[in-house]
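What follows is the residue order along each chain.
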Amino acid sequence: APVDHLAYMRYALSLAKRAPRKPTNFCVGAILVDEVANAILSTGYTMELPGNTHAEQCCLAKMETSGLPETGVAAQKLVLYTTMEPCNKRASGNVPCTETILKTGGIKVVYVGVKEPEKFVGGNVGRAKLEEAGLEYVHVSGLEAEILEVATAGHEKP
Ligand SMILES: Nc1nc(=O)c(N)c(NC[C@H](O)[C@H](O)[C@H](O)COP(=O)(O)O)[nH]1
Ligand SMILES: [Zn+2]
């Protein structure tokens, strides 16, 4: 059956809405999907896990602890949906999610709702890094306005 990318991205957006709103980051949602089995293997949203955590970081960390066979082994085609592209540099200096994604291994495609706005760390060049490592980077269009509205809900209104 064809994969409904928009439905998965909309679900990730519903998770982003649960994130605490802060002026110093974005509220993002991420889900790990086995695209062949059409099954959601893990979910995450910004600051879901303790600390200054990112949606993708939480999603992947939960996958590790959920006792599922080692990431990527059991899945037939492991893909990640994230409402905002994985960070490649963080103002906090924490590990960027492009690195966490590559370390996880087995993820074939990253589906992205929007590019990261150049508010905190300038231009995000993570796409090239992911593609150089052999991942596919696909923009799922259609939810940009809603994703950005949720992502910046904690920011001062201009
Ligand atoms: N893809 C993505 N998922 C997230 O869950 C999240 N919060 C961001 N946000 C990117 C932004 O660049 C960083 O949030 C700031 O650079 C501040 O860095 P910290 O988050 O404090 O480490 N990006
Ligand atoms: Zn990140």
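Quick look at the structure, then. Since this is a predicted model, take the numbers as computed values, not measurements.

### Let's talk about the site of ligand 1
Taken together, 19 residues sit near ligand 1, with N52, H54, R90, S92 and E116 positioned nearest. A distance of 3.0 Å is found between a nitrogen atom of ligand 1 and a backbone nitrogen or oxygen belonging to F26. The side chain of E116 places a nitrogen or oxygen atom 2.5 Å from an oxygen atom of ligand 1. Relative to its unbound accessible area of 500 Å², ligand 1 is 98% covered by the protein chains. Each residue belonging to the shell around ligand 1 can be placed in one class, and the counts come to nine nonpolar, six polar and four charged.

### Observations concerning the coordination of the zinc ion (ligand 2)
Coordination of the zinc ion (ligand 2) by the protein involves H54 (ND1), C87 (SG) and C97 (SG), with metal-donor separations of 2.1 to 2.2 Å. Mapped onto the polypeptide sequence, the residues donating to the zinc ion (ligand 2) form the spacing pattern H-x32-C-x9-C. Of this pair, H54 sits in the loop between β2 (39–45) and α2 (55–65) while C97 sits in helix α3 (residues 97–104), and the two are 43 residues apart along the sequence. Taken as a pair, H54 and C97 share a single burial class, namely buried.

### What to know about the state of the cysteines
A full pass over the atoms with the stated rule returns zero disulfides. Here C59 stays unpaired: no disulfide links it, and the sulfur of C58, its closest cysteine neighbor, is 8.6 Å away. What makes C59 buried here is its relative accessible area of 0%.

### Let's talk about the nonpolar core
It is characteristic of soluble globular proteins that their nonpolar side chains tend to be buried jointly. M9, L32, L80, Y81, I101, I107 and Y111 are the most contacted members of the largest nonpolar core, which has 39 residues in total. For this core, the secondary-structure elements that each account for two or more residues are α1 (5–16), β1 (29–34), α2, β3 (78–84), β4 (107–114) and α5 (144–151). Top contributing element to this core by residue count: β4, with six residues.

### Brief notes about the pattern of salt bridges
Scanning all chains against the criterion turns up five salt bridges. Among the ionic pairs, K62 bridges to E48, the shortest N-O distance being 2.7 Å. In this pair, K62 is assigned in helix α2 and E48 in the loop between β2 and α2, connecting sequence segments 14 residues apart. According to the relative accessible area criterion, K62 is partly exposed, its value standing at 22%. Residue classification places E48 among the partly exposed positions, given a relative accessible area of 26%.

### Here we look at the pairing of β2
Relative to β2, β1 runs antiparallel, the two sharing six bridges. Within β2, the position partnered with V33 by the bridge is I40. The hairpin formed by β1 and β2 contains four residues between the paired strands, and N38 there has a positive phi angle of roughly 55 degrees.

About the criteria used
- Residues numbered from 1 in each chain as written.
- Chains lettered and ligands numbered in written order.
- Predicted model: local features only at pLDDT ≥ 70, side-chain atom pairs only at ≥ 80, totals over all residues.
- Heavy atoms only, no water.
- Near = heavy atom within 4 Å.
- Polar contact = N/O pair within 3.5 Å; in protein donor to acceptor, adjacent residues only side chain to side chain.
- Areas by Shrake-Rupley, 256 points an atom, 1.4 Å probe, with all protein chains shown as cover.
- Nonpolar A, V, L, I, M, F, W, Y, C, P; charged D, E, K, R; others polar.
- Donors = N, O, S within 2.8 Å, 3.2 Å for Na, K, Ca; no water.
- Helix = DSSP H or I, 4+ residues; strand = E, 2+ residues; numbered from the N terminus.
- Buried < 20%, exposed > 50% of the residue type's maximum accessible area, 1.4 Å probe, protein only.
- Disulfide = S-S within 2.5 Å.
- Core = buried A, V, L, I, M, F, W, Y, C linked by side-chain atoms within 4.5 Å.
- Salt bridge = Lys/Arg side-chain N within 4 Å of Asp/Glu carboxyl O.
- Pairing = 2+ DSSP bridges.

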